[in-house]
Amino acid sequence: MIQVHKTLDITPERAFDLFYESKTCERLHDPLDYLYLMGDLYIVDELILELQGR
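Quick summary incoming for the structure in this document. (Residues numbered from 1 in each chain as written. Predicted model: local features only at pLDDT ≥ 70, side-chain atom pairs only at ≥ 80, totals over all residues. Heavy atoms only, no water.)

**Some words on the packing of aromatic side chains**
And then number 1: This model, assessed by the stated rule, comprises three aromatic pairs.
And then number 2: The interplanar angle of 70° and the centroid separation of 5.2 Å between the aromatic rings of F19 and Y20 together place this pair among those described as edge-to-face.
And then number 3: Using a relative accessible area of 6% as the deciding quantity, one classes F19 as buried. (Phe/Tyr/Trp six-rings, centres within 6.5 Å; stacked < 30°, edge-to-face > 60°. Buried < 20%, exposed > 50% of the residue type's maximum accessible area, 1.4 Å probe, protein only.)

Given below as structure tokens:
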């Protein structure tokens, strides 16, 4: 979440809130999605794309 906090220039608390309320977080915990195999920056990019509505 530090990378989300830095990239979006938001508080760490807000970064955690955004992540845990996101579909990206749901996907990360879905063993059929395989997002959990991706690197940190890839997951951050996925979250940012989700927040942008893509």
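**Let's talk about the nonpolar core**
And then number 1: Ranked by size, the top nonpolar core spans nine residues in total: V4, A15, F19, C25, L35, I43, V44, L47 and I48.
And then number 2: Of all the secondary-structure elements, those providing two or more residues to this core are α2 (12–20) and α4 (40–51).
And then number 3: Counting residues per element, this core draws most heavily on α4, at four residues. (Core = buried A, V, L, I, M, F, W, Y, C linked by side-chain atoms within 4.5 Å. Helix = DSSP H or I, 4+ residues; strand = E, 2+ residues; numbered from the N terminus.)

**Regarding α2**
And then number 1: Buried residues of α2: A15, L18 and F19, and no others. Considered in projection along α2, the buried side chains sweep an arc of 95° and stay on one side of the axis. For α2, the exposed residues set more than 90 degrees away from the buried face come down to E13 and Y20.
And then number 2: Of the surrounding secondary structure, the elements contacted by the buried residues of α2 are α1 (2–8), α3 (23–28) and α4. (Arc of directions from axis to C-beta. Contact = heavy atoms within 4.5 Å.)

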